[in-house]
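Overview (structure and organization)
The primary structure of each chain is shown beneath.
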Amino acid sequence: MKSRTDHPDTEAFDDAWSSAPFEAGLVTQDFRPEPSAVIKHELTGAGLRDDLEALRDSERRMALAIAGSNTGIWDRDVLNDRIHYSAGWKALLGYAENEIGDQLTESYTRVHPDDLSYVRASMQAHFDQKTPVYEVEHRLRCKDGSYKWVSSRGQVVQRDGNGQALRMIGTTTDITAMRDMSDRLRQTAELLTSLTDEVPGLVFQYQRLPDGKTCFPYASAGIQDIYELEPSQVMTDACLLDALIHPDDLAAYHASLDDSARDLTPWHLEYRVVLPRQGLRWRQGVARPRRQADGRVLWHGFITDVTERHTMEDELRELALLDGLTKLPNRRCFMQQIDAELERIKRENGKPAAVLMCDLDHFKGINDRWGHVTGDVALQHFSGILQTHLRKSDVAGRVGGEEFAIMLRATDLAEASGFARRLQGRMRQTPLEQGGHVIPITLSIGIAIMGTADPDAMSVLSRSDAALYEAKAKGRDCIELR
């Protein structure tokens, strides 16, 4: 086999190896390898020309690829603190070929001061063989004084017998645009997080995996108020919520999510939670689901506190059904109760109920003598005594100015009369004390029995009302039956 020096075309091969990459401005003469390192077989005249042409094509492709990637090449002589840069590397920073020297001390002046110690430490760690490659992202100063973000990668290619680094070759790539985009995305994410954290309520992503496991990949700071939890507590598992949702609402909560996941329909639910600090609260949740390629379902939604609204609705219902002064059911509510009871009696052929009408005797005189405020207190006084005599199954309501109606379920005339006498006795024993004065109050009571023969509840109420007027006509403070 002929040696490199014996071959007649060796000089032509050396010229071809050294020309293309350097003409492209990508590497310096220091990068030229020994031809003996690449000539692995005996070269004939025709074979050498083919190899040279293939080599030139390969080098041209390499040159174009490197140039198109905003990448420059550097070669560091570790022992002599020198570093050689390709023309492409210099062009990254806006320099011409002859405007950058090869002294290492000069190269460090272009590194941003805030990044210098990090760059040196990373380089030294690779020299000491603590890392397989040198790889850092840092800033370099351009010719115009601005800074570019770059990614530098390199590796020691030659060491002495003691492992001391002698030569290192690497690349530097401009990543300024990528960093700018990353910064913009980060700023956008921070803005969205700030905005959602300021919204009163919980902005969330809720995820259900095919195996049924659930979690909140994202939860705004509002979760601290909505569930008294931290976002990190539900990021990988949402099972903690089961202990917070009211037991009576838990089945409906899970069923609503099951329906939404199955049909991919919007989720909407109002439910109660019982929290350690806030106690019983109402929550309203709305979200839209999307099925992902891997089978999981991902909801984007919002949960807010609707406790105040529910409280107001309860108060409105109470105002609509209760007498504001005595807190007893009003006439409308009382009539609904006895209507329902009469229907039950007819449907089940059940035991009749007693309906009583009560009137505070001489109530107009109380208003005239003591004033309407005292009259209101008298009504409240009687209401308080009346409620202490009622069973859970009984119903009483204020149906007029000083008139009260009572329904005693499953009660006959004798039992109703006994109830009326006890109520009258308590009123006599407990006169109203107001402003240092004792104001006696007596009752007139009319009683009627409601059974299957009654066409409607109003007819029963009319009979008991007629009995009440008979009691008043007979001198008051007495009981009449119909």
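Scroll up to find the structure.
Residues numbered from 1 in each chain as written. Predicted model: local features only at pLDDT ≥ 70, side-chain atom pairs only at ≥ 80, totals over all residues. Heavy atoms only, no water.

Here we come to the sheet that holds strand β9 (residues 279–291). With antiparallel pairing, the five strands of this open sheet are ordered in space as β7-β6-β10-β9-β8. Taken across any chain shown, the strands that pair with only one partner, and hence form the sheet edges, are β7 (214–219) and β8 (267–275). The mean inter-strand angle of the sheet, taken between neighbouring strand axes irrespective of direction, is 30°. The pairing of strand β6 (residues 202–208) with strand β10 (residues 297–305) spans seven bridges and is classified as antiparallel. Among the inter-strand pairings, Tyr206 is bridged to a residue of β10, identified as Trp299. Its contacts with the sheet put helix α9 (residues 247–263) on β6, β8, β9 and β10, and the angle it makes with β8 is roughly 150°. The sheet strands contacting helix α10 (residues 307–321) are β8, β9 and β10, and the helix crosses β9 at an angle near 120°. (Pairing = 2+ DSSP bridges. Helix = DSSP H or I, 4+ residues; strand = E, 2+ residues; numbered from the N terminus. Axes fitted to C-alpha atoms, helices over the stretch in contact; angles between N-to-C directions. Contact = heavy atoms within 4.5 Å.)

What follows concerns helix α14 (residues 413–429). Relative to the 24 Å expected for 17 residues at 1.5 Å per residue, α14 spans 24 Å between its end C-alpha atoms, a close match to the ideal helical length. Ala416, Ser417, Gly418, Phe419, Ala420, Leu423, Gln424, Gly425 and Met427 are the residues of α14 that are buried. Contacts made by the buried residues of α14 are with β11 (353–360), α13 (372–389), β13 (403–408), β16 (443–450) and β17 (479–481). Where α14 begins, the capping side chain belongs to Asp412, and its oxygen is found 3.3 Å from the backbone nitrogen of Ala414. (Expected span 1.5 Å × (residues − 1). Buried < 20%, exposed > 50% of the residue type's maximum accessible area, 1.4 Å probe, protein only. Polar contact = N/O pair within 3.5 Å; in protein donor to acceptor, adjacent residues only side chain to side chain.)

Throughout the structure, instances matching the rule amount to three cavities of 30 Å³ or more. The calculated volume of the largest cavity comes to roughly 220 Å³. Surrounding the largest cavity, 17 residues form its lining, Ile83, Tyr85, Ser107, Tyr134 and His138 being those nearest its centre. When contributions to the lining of the largest cavity are tallied by element, the ones reaching two or more residues are β1 (71–77), β2 (82–85), α4 (104–109), α5 (113–127) and β3 (134–141). Its residues placed into classes, the lining of the largest cavity shows 11 nonpolar, four polar and two charged. Estimated volume of the second largest cavity: approximately 50 Å³. Mapped onto the lining of the second largest cavity, the elements with two or more residues apiece are β6, α9 and β10. Here the lining of the second largest cavity is built from residues that sort into nine nonpolar, no polar and no charged. (1 Å grid on protein atoms, 1.4 Å probe; cavity = no way out; pocket = protein on both sides within 12 Å on 5 of 7 lines; lining within 4 Å. Points joined across faces, edges and corners; volume = space filled by probe spheres on them. Nonpolar A, V, L, I, M, F, W, Y, C, P; charged D, E, K, R; others polar.)

As a further point, take the pairing of strand β4 (residues 147–159). In this sheet, β4 lies alongside β3 in antiparallel orientation, the contact comprising eight bridges. Its bridge partner lying in β4, Arg141 is registered against Tyr147. Pairing of β4 with strand β5 (residues 165–174) involves nine bridges; the strand directions are antiparallel. The partner of Arg159 across the bridge, within β5, is Ala165.

As for its placement among the helices and strands, Glu480 is situated in strand β17. Engagement of the side chain of Glu480 in a polar contact is seen with the side chain of Lys474, the distance being 2.9 Å. Non-local contacts of Glu480, meaning those with residues more than four positions away in its chain, are made with Ile445, Gly446, Ile447, Ala467, Glu470, Ala471 and Lys474.

Between its terminal C-alpha atoms α5 stretches 22 Å, which fits the 21 Å expected from 15 residues at 1.5 Å a residue. Taken as a whole, α5 has its buried residues at Asp115, Val119, Ser122, Met123, Ala125, His126 and Phe127. In this structure, the buried residues of α5 make contact with β1, β3, β4 and β5. Of the residues one or two after α5, Gln129 is the one with positive phi, at around 65°.

Right, let's get into the environment of Pro266. Mapped onto the elements of the fold, Pro266 is located in the loop between α9 and β8. The residues touching Pro266, leaving out its near neighbours within four places in the chain, are Ser260, Ala287, Arg288 and Pro289.

Here we take up the packing of helix α12 (residues 363–370) against α13. Here α12 crosses α13 at 140°, and the two axes come no closer than 6 Å. In this view, α12 runs oblique relative to α13, as classed from their interaxial angle. Contact residues: α12 offers Phe363, Ile366, Asn367 and Trp370, while α13 offers His372, Thr374, Gly375, Ala378 and Leu379. Residues belonging to the contact of α12 with α13 are distributed by class as follows: five nonpolar, four polar and no charged. (Parallel < 35°, antiparallel > 145°, perpendicular 65-115°, else oblique.)

What follows covers the environment of Asp211. Take Asp211: it is sitting in the loop between β6 and β7. A relative accessible area of 62% means that Asp211 is categorised as exposed. Distance in space between the C-alpha atoms of Asp211 and Gly295 is 9.7 Å, their sequence separation being 84 residues. A distance of 3.0 Å separates a polar atom in the side chain of Asp211 from the backbone nitrogen of Lys213.

For the rest of this paragraph, the subject is unusual backbone geometry. Although it is not a glycine, Gln129 adopts a positive phi angle of roughly 65°. Along the chain, Gln129 turns up in the loop between α5 and β3. Since its relative accessible area comes to 53%, Gln129 is described here as exposed. In this structure, Asn349 takes a positive phi of about 50° despite not being glycine. For Asn349, the location among the structural elements is in the loop between α11 (331–348) and β11. For Asn349, a relative accessible area of 62% gives the class exposed.

Below, the discussion takes up the pattern of salt bridges. All told, the structure shown has 32 salt bridges when counted by the stated rule. Taking the shortest distance from any N to any O, the salt bridge between Arg296 and Asp294 comes out at 2.9 Å. Residue classification places Arg296 among the partly exposed positions, given a relative accessible area of 21%. Between Asp359 and Lys472 there is a salt bridge, and its shortest N-O distance comes to 3.6 Å. Placement of the pair is Asp359 in strand β11 and Lys472 in helix α15 (residues 457–473), with a sequence separation of 113 residues. Take Asp359: its relative accessible area is 2%, and that puts it in the buried class. Taken together, the salt bridges that share partners define one network made up of Glu341, Arg344, Glu348 and Arg409. (Salt bridge = Lys/Arg side-chain N within 4 Å of Asp/Glu carboxyl O.)

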